Amino acid sequence: MKVIAQLSDVHIDGGPRAAARTRAVMEYLDALPYDLDAVLVSGDIADTPTAAEYEEARELLVSRHPLVVCPGNHDERTAFRRGLLGQEDPGFGPVNQVLHGEGFVLAACDSSVPGEHHGRLEDSTLAWLDAILTRTPHEVPVLVAFHHPPVPLHTPYVDDIRQFGEERLAELAHRHPHVRAFLCGHAHTAAVTTFAGRPLLVAPGVASSIRLPWERQAGPDHHIHLDEPPCIAFHVLGDDGRLTTHYRIVVERR
């Protein structure tokens, strides 16, 4: 079987809280008695973002497992490339990355829109993804990742800034049956739904969780929950082709 861990929304901000939660998750993954096939960090790496935040994130997001990181709406492409990926000539285009694992492909797309909080895959990103899918044999499963969910999750403060223009991605997926699932973050809550006839698996947040609209809130700005522990997802591709996802709480060491 293939096991891919996913964490999201670490929001490194220069303070001790976000750093401690991120460190706890990475130490938990490194201490596993199993070699993971990949670790995906699906966006909102920095919070402001600043060069110092990416420098700190680069020190924290270190793993003995293969690591793939994509940007979110709190990230800035040039600083992300320079500070996190170590690229000297970062450029301004989408930060798209692919991991060709043993028996699977993980394609991490940049759904960020510079200067905005909603998401959209640029035409160049869809062309990049189409080329990867075309080159990948149909018997090899492909997991497509990005930050913004391309469907409403019934959380108004997230749905207003979800991924739009999603019909273009759906059309691409329909042409490539070996797209096994879509992975995203952004919502700060574990969620499972479908998109383009495939599972859409939403990773919970590391920095915080959200209160759902039907949960008790003290006021309109009380939807952020800071007391819940960080949580991650494990996506398992079985030898029979079945995809299973487990969600795990990570307890910080005191």
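As shown above, the structure is provided for reference.
This section reports on the structure supplied with the text. Being a predicted model, the structure only gives us computed values, none of them experimental.

1. Focus: unusual backbone geometry
Link 1 in the chain: Residue P49 follows T48 across a cis peptide bond; omega there is -10°.
Link 2 in the chain: Mapped onto the elements of the fold, P49 is located in the loop between β2 (38–42) and α2 (51–60).
Link 3 in the chain: Phi angles above zero are rare outside glycine, and H11 is one such case at about 50°.
Link 4 in the chain: Structurally, H11 is set in the loop between β1 (2–7) and α1 (16–30).
Link 5 in the chain: Since its relative accessible area comes to 10%, H11 is described here as buried.

2. Details of the sheet that holds strand β7 (residues 179–184)
Link 1 in the chain: Strand order in the open sheet formed by 6 strands is β4-β5-β6-β7-β9-β8, and the pairing between neighbours is mixed. In this open sheet, the two strands that pair with only one neighbour each are β4 (97–101) and β8 (191–195). Looking at each pair of strands side by side, their axes are set apart by 20° on average, direction ignored.
Link 2 in the chain: Where strand β5 (residues 104–108) meets strand β6 (residues 142–145), 4 bridges bridge the pair, whose relative direction is parallel. Considered in β6, the bridge of A108 is made with A145.

3. Quick notes on the packing of helix α4 (residues 123–135) against helix α6 (residues 166–174)
Link 1 in the chain: Taken N-terminus to C-terminus, the directions of α4 and α6 make an angle of 10°; their axes are 11 Å apart at the nearest point. Classed by the angle they form, the pair α4 and α6 counts as roughly parallel. Only R168, L169 and L172 of α6 make contact with α4, whose side of the interface consists of D123, L126, L129, D130 and L133.
Link 2 in the chain: Looking at the contact of α4 with α6 residue by residue, the classes come out as 5 nonpolar, no polar and 3 charged.

Criteria and thresholds
All residue numbers here refer to positions counted from 1 along the written sequence of the relevant chain. Per-residue local features are limited, in this predicted model, to residues with pLDDT of at least 70; the limit for side-chain atom pairs, both in listing and counting, is 80 or more; totals at the level of whole chains, interfaces and linings are taken over all residues. Hydrogen atoms and water are omitted, and side-chain values are computed over all heavy atoms in the structure. Helical segments are the DSSP runs of H or I of at least four residues, strand segments are the runs of E of at least two, and each set is numbered from the N terminus. Classification of residues uses two cut-offs on accessible area relative to the type maximum, computed with a 1.4 Å probe and protein chains only: under 20% is buried, over 50% is exposed, and between them is partly exposed. Here a strand pair is declared whenever DSSP counts at least two bridges between the two strands. An axis is simply a line fitted to the C-alpha atoms; with a helix, the fit covers only the stretch in contact. Between two such axes, the angle follows the N-to-C directions and lies from 0 to 180 degrees. Roughly parallel here means an angle under 35 degrees, roughly antiparallel means over 145, roughly perpendicular means 65 to 115, and every remaining angle is called oblique. Working rule for contacts: check all heavy atoms of both residues, and any pair within 4.5 Å makes them a contact. Residue classes follow a fixed rule: Ala, Val, Leu, Ile, Met, Phe, Trp, Tyr, Cys and Pro count as nonpolar, while Asp, Glu, Lys and Arg count as charged, and any other residue, Gly among them, counts as polar.

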